[in-house]
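# Per-entry structural report
Listed here are the chains, written in short residue letters.
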Amino acid sequence: MPAGRLAAALLAAGLLAAGLLATAPGGGVSVVRGVLGVLGGGPPASALAQQSPPPVDYRLSFPVPAQRWLAAEVRFDDVAEDPLHVRMSSASPGRYARHEFAKNLIEIAFTSAGGDPVEVERRGPAHWAVSGHGGGVHVRYRLFGDRVDGTYLGIDATHAHMNMPATLVWAEGLEDRPARITLEPPAGAAWRAATQLYPTGNPLVFTAPNLAYLLDSPIELSDFALRTFTVADPSDPAHRPTFRVAVHHAGSASAVDGYAEAVERIVRETVPIFGEFPRFETGAYTFIADYLPAASGDAMEHRNSTVLTANARLDRDRARLLGSVSHEFFHAWNVERIRPRSLEPFDFTRANVSGALWLGEGFTNYYGALVLQRAGLAPLGATLDRFTRVIDTVARGPGRQFRSVVEMSRMAPFTDAATAIDPTNFGNTFISYYTWGEAVGLGLDLTLRSRSGSRVTLDDYMRALWERFGAPDGEPGAGVPPGIVTRPYTPADAEAVLAEVAGDPAFAHEFFARYIEGREVVDYAALLAEAGILARPVAPGRASLGDNPFGGGMRVSRPTAYGSPLHEAGIAQGDVIVSVDGTRVTSSPAVGRLIRDKRPGDRVAIVFRRQGRETETTATLAADTRVVLVPAEAAGGDLTPAQRAFRKAWLGSRQ
Ligand SMILES: [Zn+2]
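Think of each chain on its own: its residues are numbered from 1, step by step along the sequence as written. In keeping with the predicted nature of the model, local features appear solely for residues at pLDDT of at least 70, side-chain atom pairs appear and are counted solely at 80 or more, and the whole-chain, interface and lining totals rest on all residues. The basis for every side-chain value is the complete set of non-hydrogen atoms in the structure, without hydrogens or water.

Here the term donor refers to an N, O or S atom within 2.8 Å of the metal (or 3.2 Å for Na, K and Ca), and because water is left out of the atoms, sites may appear incomplete. Taken together, the protein ligands of the zinc ion are His 327 (NE2), His 331 (NE2) and Glu 361 (OE), with distances of 2.0 to 2.1 Å. Donor residues binding the zinc ion come from one chain and are separated in sequence as H-x3-H-x29-E. Here Glu 361 lies in helix α7 (residues 357–374) and His 331 lies in the loop between α6 (318–330) and α7, a separation of 30 residues in the sequence. For the purposes of this entry, the term helix denotes a DSSP run of H or I that reaches at least four residues, the term strand denotes a run of E that reaches at least two, and both are numbered from the N terminus.

The salt bridge criterion pairs a side-chain nitrogen of Lys or Arg with a carboxyl oxygen of Asp or Glu, the two atoms within 4 Å. This structure, assessed with the given rule, holds 38 salt bridges. Of the charged contacts, one joins Glu 281 and Arg 303 as a salt bridge, the two residues approaching to 2.8 Å between their closest N and O atoms. Of the two residues, Glu 281 sits in the loop between α5 (253–274) and β20 (284–291) while Arg 303 sits in the loop between β21 (298–301) and β22 (305–310), which places them 22 residues apart along the sequence. Summarising the burial analysis for this pair, Glu 281 and Arg 303 share the class buried. Close ionic contact of Arg 339 with Glu 344 constitutes a salt bridge, the shortest N to O distance being 2.7 Å. As far as burial versus exposure is concerned, Arg 339 and Glu 344 are alike and both buried. Burial here depends on accessible area, computed with a 1.4 Å probe over protein chains only, as a share of the maximum for the residue type. Under 20% is buried, over 50% is exposed, and the range in between is partly exposed.

Attention now goes to unusual backbone geometry. Across the junction of Asp 82 and Pro 83, the peptide omega takes the value 5°, indicating a cis bond. Among the secondary structure elements, Pro 83 is positioned in the loop between β4 (69–76) and β5 (84–88). Cis geometry is adopted by the peptide bond preceding Pro 345, which originates at Glu 344 and carries an omega value of -5°. Summarising the element assignment, Pro 345 is placed in the loop between α6 and α7.

Turning next to the confidence of the model for the protein chain. Close inspection of predicted coordinates is inappropriate for parts of the model with low pLDDT. For every residue, the pLDDT score states the predictor's confidence, bounded by 0 at the bottom and 100 at the top. For the protein chain, per-residue confidence averages 91 on the pLDDT scale, and 91% of positions sit at 70 or higher. Residue contacts are counted whenever heavy atoms from the two residues lie within 4.5 Å of one another. Taken together, the stretch residues 1–49 has pLDDT below 50 and engages in 80 contacts with residues farther than four places along the chain or on a different chain.

What follows covers the nonpolar core. Counting 105 residues, the largest nonpolar core has Phe 243, Tyr 259, Phe 287, Tyr 291, Tyr 461, Met 462 and Trp 650 as its most contacted members. Take this core: its biggest share by element is 11 residues, from α5. We define the nonpolar core as a collection of buried residues of types Ala, Val, Leu, Ile, Met, Phe, Trp, Tyr and Cys that are connected through side-chain atoms lying within 4.5 Å of one another. Among the nonpolar cores identified, the runner-up in size contains 54 residues, and Phe 101, Tyr 141, Trp 170 and Ala 208 belong to it.

What follows is about the packing of aromatic side chains. Pairing of aromatic rings covers Phe, Tyr and the six-membered ring of Trp, with a centre-to-centre limit of 6.5 Å; geometry is then stacked below 30 degrees between planes, edge-to-face above 60, and tilted otherwise. Applying the stated criterion across every chain, the model contains 35 aromatic pairs. When the ring of Phe 287 is compared with that of Phe 329, the centres are 5.7 Å apart and the planes differ by 40°; the resulting orientation is tilted. Here Phe 287, found in strand β20, pairs with Phe 329, found in helix α6; they are 42 residues apart in sequence, far enough to count as distant. For the residue pair Phe 287 and Phe 329, the accessibility class agrees, reading buried in each case. In this scheme, the term charge over a ring applies when either NZ of a lysine or CZ of an arginine sits within 6 Å of the ring centre and within 35 degrees of the ring normal. Directly above the ring of Trp 69 sits Arg 142, whose terminal nitrogen or CZ lies 4.4 Å from the centroid. Lying over the aromatic face of Phe 224, Arg 192 brings its terminal NZ or CZ to 4.3 Å of the ring centre.

This next bit is on the sheet that holds β21. We treat two strands as partners when DSSP finds at least two bridges between them. Taken together, 5 strands build an open sheet; the order of strands is β18-β19-β20-β22-β21 and the sheet is mixed. Strand pairing shows two members of the sheet lacking a second neighbour, β18 (225–230) and β21, which therefore form its edges. Taken over all neighbouring pairs, the strand axes of this sheet differ in orientation by 10° on average, direction set aside. Bridge count between β18 and strand β19 (residues 242–249): 6 bridges; the pairing is antiparallel. Between N-to-C directions, angles span 0 to 180 degrees; the directions come from axes that are lines fitted to C-alpha atoms, helices contributing only their stretch in contact.

Only residues whose relative accessible area exceeds 30% and that form no salt bridge are eligible for patches; like-charged ones are grouped when within 9 Å, while nonpolar side chains (Val, Leu, Ile, Met, Phe, Trp, Tyr) are grouped when within 5 Å. Accessible surface is estimated by sampling points in the Shrake-Rupley manner with a 1.4 Å probe; for residues, cover comes only from the protein chains shown. In this count, Lys and Arg are taken as positive residues and Asp and Glu as negative ones, while His and the chain termini are left out. Taken as the charge location is NZ of Lys, CZ of Arg, CG of Asp or CD of Glu. On the surface, Arg 542, Arg 593, Arg 596 and Arg 599 cluster together into a patch of positive charge. On the basis of relative accessibility, which here comes to 45%, the residue Arg 599 falls in the partly exposed class.

Next up on the list: the pairing of strand β17 (residues 219–222). Residue alternation in β17 divides its side chains into two sets, Ile 219 and Leu 221 and Glu 220 and Ser 222, and both sets are buried. Bridge count for strand β11 (residues 159–162) against β17 is 4 bridges, and the pairing is antiparallel. The residue of β17 that forms the bridge with Met 162 is Ile 219. Inspection of the sheet shows strand β14 (residues 192–195) paired to β17 by 4 bridges, in the antiparallel sense. When the bridges of β17 are listed, Ala 194 appears paired with Glu 220.

On a regular strand, each side chain points to the face opposite its neighbour's, so the side chains alternate between the two faces of the sheet. Burial of the side chains of strand β10 (residues 153–156) extends over both faces: Leu 153 and Ile 155 are buried on one face and Gly 154 and Asp 156 on the other. Relative to β11, β10 runs antiparallel, the two sharing 4 bridges. When the bridges of β11 are listed, Ile 155 appears paired with Ala 160. If you look at the hairpin formed by β10 and β11, you'll find 2 residues sitting between the two strands.

How two helices pack is summed up by the angle between their axes together with the distance between the axes. Direction vectors running N to C along α7 and helix α13 (residues 458–470) enclose 125°, while the axes themselves pass 12 Å from each other. Looking at the two axes, α7 sits oblique to α13. At the point where α7 passes α13, the crossing takes the left-handed sense. On the side of α7, the interface is formed by Leu 359, Phe 363, Tyr 366, Tyr 367 and Arg 374, while α13 contributes Leu 458, Asp 459, Tyr 461, Met 462 and Leu 465. Roughly parallel here means an angle under 35 degrees, roughly antiparallel means over 145, roughly perpendicular means 65 to 115, and every remaining angle is called oblique. Whether a crossing is left-handed or right-handed is set by the direction in which the near helix is turned from the far one by less than a right angle, anticlockwise for left-handed and clockwise for right-handed.

Taken as a whole, the largest pocket holds about 1100 Å³ of empty space. In this structure, the largest pocket is lined by 43 residues; those nearest its centre are Arg 396, Ser 544, Gly 546, Asp 547 and Asn 548. Among the elements that line the lining of the largest pocket, the one with the most residues is helix α18 (residues 588–595), at 5 residues. Its residues placed into classes, the lining of the largest pocket shows 21 nonpolar, 14 polar and 8 charged. The definitions used throughout rest on a 1 Å grid laid over the protein atoms alone, on which a cavity is an enclosed set of points accommodating a 1.4 Å probe that cannot get out and a pocket is an open set flanked by protein within 12 Å on both sides along at least five of seven lines; lining residues are those having an atom within 4 Å of a point. Grid points are joined across faces, edges and corners, and a volume is the space filled by probe spheres set on the points. Estimates place the volume of the second largest pocket at around 480 Å³. Broken down by secondary-structure element, the contributors of at least two residues to the lining of the second largest pocket are β21, β22, α6 and α7. Per element, the largest residue contribution to the lining of the second largest pocket is 6 residues, and it comes from α6. Lys, Arg, Asp and Glu make up the charged group, whereas Ala, Val, Leu, Ile, Met, Phe, Trp, Tyr, Cys and Pro make up the nonpolar group; the residues left over, Gly among them, are polar.

Here's what the structure looks like:
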């Protein structure tokens, strides 16, 4: 962009911020920043400002959105800190890998509040120490962003889709200050904002009570479709939070209606699990959905909102999209308010490591599926197919040899949207805490139901966690800063609550020791049988070389699975299989045909080529242990009354 136009754009982005009246969160306190305070350059003179520092002021504009950048102007006024440490985040809550958001800065400049030069020392990739500012720092920057998902910044001609840690700079020491954010859509654009930020009288001006809440509040600025509904709180019918469904999409209005109706069914089916809604600070919860060709598949939880993105169409892909809706909405309780101590307070400057993601993400994943089933939004077959994949991944995953689900949770900084240029061996060393945690949730739910005649369930456990750790923060005006969880739980708490709910500390201790801190797998077949669901072998008696490690042709394209016949025979990544059992092979289906009539334990000769040389080895075939879950009635059986009752209590609607 030519320098002249840039200067004009920056001018358009700023300097108009003078003299606005900001309503502080909570509604009561107003802070007036005098016009002279801005234009004249000195700190605000009013006595009010002395008592209560002015909010950090952000102004975001999008003069040329098609070129995918925004202009930001930030005012830190009444600043005692010198140097003032200005930072851009390197982490975003709900994403566990490090993300260097500062890499997309096009340019950044610092002055005093009056526009005078200041001394700036770059202390780190995303850290500027600003000194000699005389009590106020003014930051202007332009930032590129071209990814529409739950983590990054995405701007184009149709919208600005903002995750705040990827968008805003902030200052150390001012974390408790309120913030005000003014949005300036491009000239002529009919863009509105969907966000959990606190509204003001101006639909393009919002506030946040503190930095944690601000950075937790994504904004979709576009001409989105909006549907709203309210649902009475089962514990207090006078409490009727509003649910907003903001959808930026390319489909029909009727598709939005159908989607919003399904979202409402999910909301209604989720709340009975906890018995009440959280007290959403602004009285509303916002679903921000971007279903666009340019969107990446993602979903991210926030305290009073969620961001859902996919390259999908509302009409065609609804079933797939709703799984993310139910998962993320469950997070309004679990993770956003029932929060592990390892993630609270969240450190925006580094990767946050937690051993509790099996509960925060894994149990949420389990309920994402369960709520869809209970709400009638997923057929039983689809739910069982999902549980089949979950159980199979965990039961047969080589990673279980090395780590528990607690330790897998701590891998998140390496695996959760982390990118690196060196190859990994995660196929052998990692099992997702989403998947394994879901398996633990399923196993614990079925175990609790089995041992109590369906009187005690995982719903009771989640509700008890909510009452101990989530609900206390839910009451607004109780002196708890919004966005801060004051009673996070520890691993010992999670076990103690299970002991209480189950009425059996020995059971809770054993379950944690074997399946959560340990690496054992629950006996799903026995438990599912109580619900009239069979774990049927996929290929009974069949022999197997293990999971297919081939890319194109017979080249082994990734590390062979530890413990698999190919691995134990010494086959490694890069080898090309030439023959099996004396027959030349060119495709993996041909290998399947060659061993079809063999038995587990049989030995087959394998010739492979490695770095130009052919070598022969012998593989001992394993049993194919895959199972598939099927309803007994679909397998020609009948449900007993006890099975029917067990299944209904588990999978039936709770509304
Ligand atoms: Zn999640």
